[in-house]
Amino acid sequence: MAHPFLSHEWMDAARAIREKYADEVPQVDADLRINVAVTDVPFDDETVHAYLDTTSGAVVMELGALDEPDVTVTTDYPTAQALFVDQDPAIAMQAFMNGKVKVQGDMMKLMAMQTSLPSNDSSEKIAQEIKDITERPPAAD
């Protein structure tokens, strides 16, 4: 079943997918704590706040905010979905260059993170299963 990206249902399903493969993915060596503020959310009138934390050696993504993030990223909903679900580096760079992604904090740590996330068959399964549970917006006419 597909859920809107960053909804409570989506977060629960994504967490379950990450937990299913937790023993099969390599540890993350880079420590990074990112707060993400997502605007223009179709299912909420407010900005949705989430965070990504790798300090445990695993990628943890939850709703809410960290007290002392290394970086805070603010972007709109479609861009956030492209970055975190589709994981398209070209879209990420284009969004940043077009001002759709605003970054406050340690930009060098954020850039280092892009190349330090380990990948194996299980991490690729996680990414695909998360894509599969993510509701896609209707195509524009």
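Preceding this section is the structure that the text describes.
This one's a predicted model, so the numbers in the text were calculated from it and none came from an experiment.

Engineer: Lay out the pattern of salt bridges with the relevant residues and their values.
Structural biologist: Applying the stated criterion across every chain yields a total of 6 salt bridges. Between Asp70 and Lys109 there is a salt bridge; the shortest N-O distance is 3.3 Å. Of the two residues, Asp70 sits in the loop between strand E3 (60–63) and strand E4 (71–76) while Lys109 sits in helix H4 (residues 107–116), which places them 39 residues apart along the sequence. With a relative accessible area of 21%, Asp70 lands in the partly exposed category. A single network of salt bridges, built from pairs that share partners, joins Asp12, Arg15 and Glu62.

Engineer: Go over the pairing of strand E2 (residues 48–53), please, and point to the residues and values.
Structural biologist: The element E2 is largely enclosed, with a buried count of 5 among its 6 residues. Relative to E2, strand E1 (residues 33–39) is paired through 6 bridges, and the arrangement is antiparallel. Following the sheet pairing, Asn35 is matched in E2 by Tyr51. Hairpin connection between E2 and E3: a loop of 6 residues separates the two successive antiparallel strands, and Gly57 in this loop has a positive phi of roughly 95 degrees.

Engineer: How would you summarise the layout of surface pockets if you had to cite specific residues and measurements?
Structural biologist: In this structure, the largest pocket encloses a volume near 1500 Å³. For the lining of the largest pocket, the elements supplying multiple residues, two or more each, are helix H1 (8–20), E3, helix H2 (77–86), helix H3 (89–97), strand E5 (101–105), H4 and helix H5 (121–133). Per-class residue counts for the lining of the largest pocket are 31 nonpolar, 6 polar and 6 charged.

Engineer: A description of a nonpolar patch on the surface should follow, citing residues and the corresponding values.
Structural biologist: On the surface, Met93, Phe96 and Met97 cluster together to form a nonpolar patch covering roughly 330 Å² of accessible area. Along the chain, Met97 falls in helix H3.

The rules behind the values
- Residues numbered from 1 in each chain as written.
- Predicted model: local features only at pLDDT ≥ 70, side-chain atom pairs only at ≥ 80, totals over all residues.
- Heavy atoms only, no water.
- Salt bridge = Lys/Arg side-chain N within 4 Å of Asp/Glu carboxyl O.
- Helix = DSSP H or I, 4+ residues; strand = E, 2+ residues; numbered from the N terminus.
- Buried < 20%, exposed > 50% of the residue type's maximum accessible area, 1.4 Å probe, protein only.
- Pairing = 2+ DSSP bridges.
- 1 Å grid on protein atoms, 1.4 Å probe; cavity = no way out; pocket = protein on both sides within 12 Å on 5 of 7 lines; lining within 4 Å.
- Points joined across faces, edges and corners; volume = space filled by probe spheres on them.
- Nonpolar A, V, L, I, M, F, W, Y, C, P; charged D, E, K, R; others polar.
- Patch = residues over 30% accessible without salt bridge, like charges linked within 9 Å, V, L, I, M, F, W, Y side chains within 5 Å.
- Areas by Shrake-Rupley, 256 points an atom, 1.4 Å probe, with all protein chains shown as cover.

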